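# Residue-level structure breakdown
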Amino acid sequence: MISKCKFLKKIYNNDKIIFLLYTIKMILDIVNPFILIYFPKYIIDALTLKKDFANVLAYILIMILSLLIISFITNSISCKVNLLNKKTDLLLLREVGKKSMNIDYVNVERSDGMDKIRNARYAVEINVLQKVLMAIQNIISSIFILIGLIVTLYSLNYFIIIILLIIVTINSLANVMSKRADYDFSQSTKTNSRKNNYLYGLMMDFKIGKEVRLFSMNEFILKKYKECREEFYTMRKKLAFPYIGVSAAASITGLIQRLFIYIYMSYQFVKDLITIGDFSLYISSAEQFTLNLTNIISNIKDIHILNKHLNNLILFINIDDGFCKGMIYTKLINEICFNNVCFKYPGQTEYALKNVSFTIKEGEKIAIVGENGAGKTTMIKLLMRLYIPESGNITINHHDINNYDFFEYTKYFSTVFQDFNVFSFTVRDNINPCLSDCSIDKINTALDELDLKEKIYSLVNNIDTFMFRNYDSNGIELSLGEQQKLVMARAIYKDSPIFIMDEPTSALSPFAEEQIYLHMSEMSSNKTTIFISHRLASTKFCDRIFVFKHGELIESGSQKELINQQGEYYKLFELQAALYRGDER
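A brief look at the structure comes next. The residue numbering used here restarts from 1 in each chain and proceeds along that chain's sequence as written. Predicted model: local features are reported for residues with pLDDT of at least 70 only, side-chain atom pairs are reported and counted for 80 or more only, and whole-chain, interface and lining totals are derived from all residues. Hydrogens and water molecules were not included; the side-chain quantities draw on all heavy atoms of the structure.

## What to know about the overall build of the protein
Working definition: helices are DSSP H or I runs of at least four residues, strands are E runs of at least two. Numbering for both runs from the N terminus. Looking only at helices and strands, the protein features 20 helices and 10 strands. Only protein chains enter the area calculation, which uses a 1.4 Å probe; residues under 20% of their type maximum are buried, those over 50% are exposed, and those in between are partly exposed. Buried positions account for 45% of the 585 residues belonging to the protein. Contacts are assigned to residue pairs with any non-hydrogen atoms lying within 4.5 Å of each other. Partitioning the contacts of the protein with sequence separation of at least 6, the portion at a separation of at least 24 is 74%.

Okay, structure coming up:
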């Protein structure tokens, strides 16, 4: 677990100068108000009492020159600090992004997991670390300023300090209530904000432009967006009237303070107890006293709220990614075993897999079939260690898969999921999305095997052409079937000992599907291969077929054996055959 101190040390380890810059700025912030308080007094007294223009001019020049120097140094420091803070923001965003990609997959799919990611990212976006440091600096500088102001005001009348303390306390309480309400509101609208961002994203997403226009979805989406905004407005309106009351209380107390100070100082001047310069000094001191005391209380409350955001960030960074660690490494995969594996998705009562057991030997080709929701893809996700079984275990070479180093473990598999992703990178980077050296020959072989090479090399930038037009107006929009082939090229390029194809040809024509299975069968002749498909074209290339139904493995065997059994597989086979033959049902 990373504590706040260790976290700050880690983040600012290479930019320790930032603390020196904050210290210098803090000293200048302390000096600045006293220049504005005392020099006007000296100037006014020199004009009204001594009428010495030379002294007046000297005071004015010294004051202006001091303010110019302080302003120049402060602005220079702020510029440097802002650059360092930008660097820190990038570092934090990288940490959050890295953690998002490394944490257990279940944290990414669940709504509470998404909230953790959102909260961590929000903490970075509001510059939580910079604001905490700035608040600490403001508190320290305001404390020193207050000490000087107390000495100044005490020389006139300590009763003034008591009155100011009472007024500032009332004002600050109102301010604290307002900020607490704002924080509570932001937390209560997390779900609404997520919905709002999703709907707004739909309006801006050109990828769904065809569906929006062809199904006249624009009014529907706008209606949903309006409802979401109205829900937000209703929630905000509940906060409006209390907020107005709090703001009014703060304004009234501020006016009462000024009224009291001006009346009291005017009385002191009329009685010849103070000069007109003193009048200016004490009025300014009272204003600064109120401002700095309010600043201290406000910044303490800010730190309290910022601390919650900082906790969200550190909590996310501290999420255990121990599933990535392991001590076992291997190059040869002799067998994969599922041993009475049971699993249900978080928040669900029904099991997605129930007591599933099987063994796959090295080099076997396995087809996994079954209706939607039968548990086929879930089984693959468990094998990929995206989820952990609730009971039972999965082993490779007789070792539990969770004992393998995760990132080494993923090298054993070339996987294509049915909900595949093509990234807005170049074709080259989509096929080889790793930092390792890229083999053009391997890329060309993979594209050629999938009849995609001619299409890609007909483009001006061939494999360096960007997919889509997010970054490059010359980007290409491949058909869905071609995108699926591109993802399969990624799996072929990876050249792992185990191939897993989850609905690999769902976007392809029957002819293209037949060709793909032939190619895949030839390429994976010495590899363990698992095909998952609704369509049974893949089964004739496989050594064995696993039939899933309602989360259970109900049949297994060769195609000939299962057809002879005339069980579930036979029913599925005959149903699809009838559809292809056009038989009447």
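## Remarks on the nonpolar core
Ile431, Leu447, Met467 and Leu486 are the most contacted members of the largest nonpolar core, which has 36 residues in total. Within the residue set of this core, elements represented by two or more residues are β3 (365-369), α14 (427-431), α15 (440-449), α17 (480-494), β7 (498-502), β9 (544-549) and α20 (568-581). Per element, the largest residue contribution to this core is 7 residues, and it comes from α17. Sequence-distant contacts of leucine 486, defined by excluding residues within four places in its chain, comprise Val422, Val427, Asn430, Ile431, Leu447, Leu452, Met467 and Leu478. The definition of a nonpolar core used throughout is a set of buried Ala, Val, Leu, Ile, Met, Phe, Trp, Tyr and Cys residues joined through side-chain atoms within 4.5 Å. If you look at the next biggest cluster of nonpolar residues, it comprises 34 residues, including Val341, Ile366, Ile401 and Tyr409.

## A word on the sheet that holds strand β1 (residues 335-343)
At least two bridges found by DSSP between two strands is the condition for calling them paired. On the basis of which strands lie adjacent, the open sheet formed by 4 strands has the order β2-β1-β4-β5 and antiparallel pairing. At either margin of the open sheet sits one strand with a lone partner, and together these are β2 (353-361) and β5 (399-400). Relative to β2, β1 runs antiparallel, the two sharing 6 bridges. Residue glutamate 335 lies in a different strand from β2, and its bridge partner there is lysine 361.

## Examining the side chain of threonine 395
Summarising the element assignment, threonine 395 is placed in strand β4 (residues 391-396). Ignoring any residue separated from it by four or fewer positions in sequence, one finds threonine 395 in contact with Glu335, Ile336, Cys337, Asn339, Asp400 and Ile401.

Distances and angles like these do not, on their own, reveal function.
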